[in-house]
Amino acid sequence: MSSIPPPQALNPKTGRSGGDGERTAGNGAFGWLRALDPRGRRAFAGAFGGYALDSYDYFTLPLSMVALAAYFGLDSGQTGLLTTVTLVVSAVGGAIAGVVADRVGRVRALIITVTAYAVFTVACGFAPTYETLLVFRALQGLGFGGEWAVGAILVAEYASARHRGRTLGAVQSSWAVGWALAAVVYTVVFSVAGDDLAWRVMFWTGALPALLVLWLRRRVHDAPGAAAVREGSTGRGSFAAIFKPGTATSPGLLRTTVFAGLLSTGVQGGYYTLATWVPTYLKSERGLSVVGTGSYLTFLISGAFAGYLTGGYLTDRLGRRRNIWLFALLSAVCIVAYANIPGGANTLLLVLGFPLGFCMSAIFSGFGSYLSELYPTAVRGTGQGFTYNTGRAVGAVFPTLVGFLADSWGVGGALIFGAIGYGIAALALLGLPETRGKELA
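Novice: Got a sec to walk through the packing of helix 7 (residues 164-192) against helix 8 (residues 195-204)? Specific residues and values, please.
Specialist: Two elements in contact, helix 7 and helix 8, have axes whose closest approach is 9 Å; the angle formed by their N-to-C orientations is 150 degrees. Judged by the inter-axis angle, helix 7 sits roughly antiparallel to helix 8. Seen along the crossing, helix 7 lies across helix 8 with a hand that is right-handed. Between helix 7 and helix 8, the contacting residues are Ala-182, Val-185, Tyr-186, Val-189 and Phe-190 on the first element and Asp-195, Ala-198, Trp-199, Val-201 and Met-202 on the second. For the contact of helix 7 with helix 8, a count of residues per class yields nine nonpolar, no polar and one charged.

Take a look at the structure:
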């Protein structure tokens, strides 16, 4: 067999050779970033900023939950419903955004989703009644549901197969950045303003994404190679295609869609249970002040940020399926441990916040690359948008169950239901292939 290496093909996304220079650029802790061309880096910045602000706007609700419940006189079930309706409607928004991304382009769809969640988050701050707030929060879900899937696909189509897990893991880490920003603003706002006004101010700060939209319109573009393939496809943005059963000559996508939806349901059921109820658990059952809650959340969020980056690295080293399996198990263990810390052991509660945040976030790092690799270019947005957000909608049942059970079981006891979600995710992987190393058009 000849030892002469074959000629290097031009990268359709960058127009450059993928030779030794590119491999060298890809070495080191930030090799994944250096491996992106200037257009890819701008796409990464746009997706990172969009997802961070998406996270910020989402967490304005959980952090304000106690004040909202007091202002409108809500029980635990009603407050849980605010989160559930956001996540359920986000499934519709995410599915629509995926189709739009396949038909008109990734960047245009990203602008639409960011604008939608910013407008309706601000509107929540003006809600005069609980019912109005519920409607505005649902409409916010339309934009919230689509942003991640569209941004992840945009970056995935720029990233090389070698670095895609780390690159998308870094995008995913922006969720922790937005969460941290929301926690800081919450601490400041609720310390200087009364609760009746503070929760409204939190929602009004959701106007921040409008600045990102202006930049996206001028500086970010779809990956040229993937855009050419998408525009040349006749069946792009088709729901029928992702539900097409396999035949003797074609595997179809129905099996992939069903199991990817279950995977997303399990992971997000566990995650949103924690994201929604941990702030309330810390204040209502642990008796922590606003500043105390913020301190505990610092450990949780720091763990989340480290988890996203570590999970991105491991999804490239171990593979997509092994990374998810590993952290599904560890996340379930952490939830059980966190919810059963004895009363008075608040130092232990603080310490366990870091591994809890780490594990429940590291499992997400492989999602952007994995779901992108499971679907062909013509229906990548449709497939990823539908499965991720259907999982989000079905997983939204978990926070509601916790809300209704909290009155009798306590929030801490009800949090155990989050562990069930991670079990579902582990089982769903049995029906999905490994995709590490797959090149995207």
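Novice: I'd like a rundown of the side chain of Gln-384, residues and numbers included.
Specialist: Within the element layout of this structure, Gln-384 appears in helix 17 (residues 380-395). Polar side-chain contacts of Gln-384 include one of 2.9 Å to the side chain of Ser-372. If sequence neighbours within four positions are ignored, Gln-384 has contacts with Trp-148, Ala-149, Ala-152, Ile-153, Gly-368, Leu-371, Ser-372 and Tyr-375.

Novice: Report on the packing of helix 3 (residues 38-72) against helix 8, specifying residues and quantitative values.
Specialist: With their axes 9 Å apart at the nearest point, helix 3 and helix 8 run at an angle of 160 degrees to one another. Between helix 3 and helix 8, the angle falls in the class roughly antiparallel. When the axes of helix 3 and helix 8 are compared, the crossing they make is left-handed. Of the residues in helix 8, those in contact with Tyr-56, Thr-60, Leu-61, Leu-63, Ser-64, Ala-67, Leu-68, Tyr-71 and Phe-72 of helix 3 are Asp-195, Asp-196, Trp-199, Arg-200, Met-202 and Phe-203. Of the residues that constitute the contact of helix 3 with helix 8, the class distribution is ten nonpolar, two polar and three charged.

What counts, and at which threshold
Residues numbered from 1 in each chain as written. Predicted model: local features only at pLDDT ≥ 70, side-chain atom pairs only at ≥ 80, totals over all residues. Heavy atoms only, no water. Axes fitted to C-alpha atoms, helices over the stretch in contact; angles between N-to-C directions. Helix = DSSP H or I, 4+ residues; strand = E, 2+ residues; numbered from the N terminus. Parallel < 35°, antiparallel > 145°, perpendicular 65-115°, else oblique. Left-handed = near helix turned anticlockwise from the far one by under 90°. Contact = heavy atoms within 4.5 Å. Nonpolar A, V, L, I, M, F, W, Y, C, P; charged D, E, K, R; others polar. Polar contact = N/O pair within 3.5 Å; in protein donor to acceptor, adjacent residues only side chain to side chain.

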